[in-house]
Every structure is written in structure tokens, then in C-alpha cells.
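Structural overview for review
Here is how the chains run, residue by residue.
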Amino acid sequence: MVRIFWATCPECKGRFQCHWEELRHKGIPLLCPYCGKKFLDEESPAIEE
Ligand SMILES: [Zn+2]
């Protein structure tokens, strides 16, 4: 089973799923699929996991 979390884009407020093992607490920028903004998980205004 793949663990995921929901990130919220600080730019457009779009919510999208990310792979937890690959991206959570890794310091790797997430890429918003709606506006193309790159941001760290810590910069997301809302995280659901
Ligand atoms: Zn966005």
C-alpha cells in the first residue's frame, strides 16, 4: 500500500496527493499540478496525512 498525503499549494490553494515516502519531510520541493509552483511540504498551508 502506498502512503500518501494531501498538500495544499500556497499559491493557488489547490489540493493534491503526494507520495509520503518520497516527499514528506525530505526537503524536496513539491510541484503543484495546477499552477506549477514548487514549494516544500513545510510551506504548505495545510497538510493532511
Ligand atoms: Zn498551485
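See the structure above.
Quick summary incoming for the structure in this document. Keep in mind the model is a prediction, meaning the values are calculated, not measured.

Analysis parameters
Starting from 1, residues in each chain are numbered consecutively following that chain's sequence as written. Restriction of local features to residues with pLDDT of at least 70 applies here, the model being predicted, together with a cutoff of 80 or more for giving and counting side-chain atom pairs; totals for whole chains, interfaces and linings are based on all residues. Side-chain figures throughout are based on the complete set of non-hydrogen atoms in the structure, without hydrogens or water. In DSSP terms, a helix is any run of H or I states spanning at least four residues, a strand is any run of E spanning at least two, and both are numbered starting from the N terminus. Burial classes follow relative accessibility: with a 1.4 Å probe on protein chains only, a residue under 20% of its type's maximum area counts as buried, one over 50% as exposed, and anything between as partly exposed. Donor selection uses N, O and S atoms within 2.8 Å of the metal (3.2 Å for Na, K and Ca). Since no water is included, sites may look incomplete. In these descriptions, tetrahedral denotes four donors with every angle between 85 and 135 degrees, square planar four donors and octahedral six donors with opposite donors over 155 degrees apart and the rest between 65 and 115, and irregular any other case. Salt bridges are defined by distance alone: a side-chain nitrogen of Lys or Arg within 4 Å of a carboxyl oxygen of Asp or Glu.

Right, let's talk about unusual backbone geometry for a bit. Generally, phi is negative for residues other than glycine and the peptide bonds are trans, each holding for most cases. A positive phi angle, near 65°, is found at Lys13, a position not held by glycine. As for its placement among the helices and strands, Lys13 is situated in the loop between β1 (4–8) and β2 (15–19). Taking the relative accessible area as the measure of exposure, Lys13 reaches 54% and is therefore exposed. The phi dihedral of His25 is positive, around 60°, even though this residue is not glycine. Its location among the elements puts His25 in the loop between α1 (20–23) and β3 (30–31).

The subject of this paragraph is the coordination of the zinc ion. Each donor-metal-donor angle would ideally measure 109.5 degrees in four-coordinate tetrahedral geometry, or 90 or 180 degrees in six-coordinate octahedral geometry. Surrounding the zinc ion are the protein donor atoms Cys9 (SG), Cys12 (SG), Cys32 (SG) and Cys35 (SG), at 2.3 Å. Of note is the zinc ion, whose 4 donor atoms meet at the metal with angles of 106 to 114° in an arrangement that counts as tetrahedral. Given the relative accessible area of 2%, Cys32 is considered buried.

This part takes up the pattern of salt bridges. This structure, assessed with the given rule, holds 3 salt bridges. Taking the shortest distance from any N to any O, the salt bridge between Arg15 and Glu48 comes out at 2.9 Å. In this pair, Arg15 is assigned in strand β2 and Glu48 in strand β5 (residues 47–48), connecting sequence segments 33 residues apart. By relative accessible area, Arg15 is classed as partly exposed at 36%. Two residues, Arg24 and Asp41, come together in a salt bridge whose shortest N-O distance is 3.0 Å. You can see Arg24 sitting in the loop between α1 and β3 and its partner Asp41 sitting in the loop between β4 (38–39) and β5, a full 17 residues away along the chain. For Asp41, a relative accessible area of 1% translates into the label buried. Taken together, the shared-partner salt bridges in this structure form one network comprising Arg24, Asp41 and Glu49.

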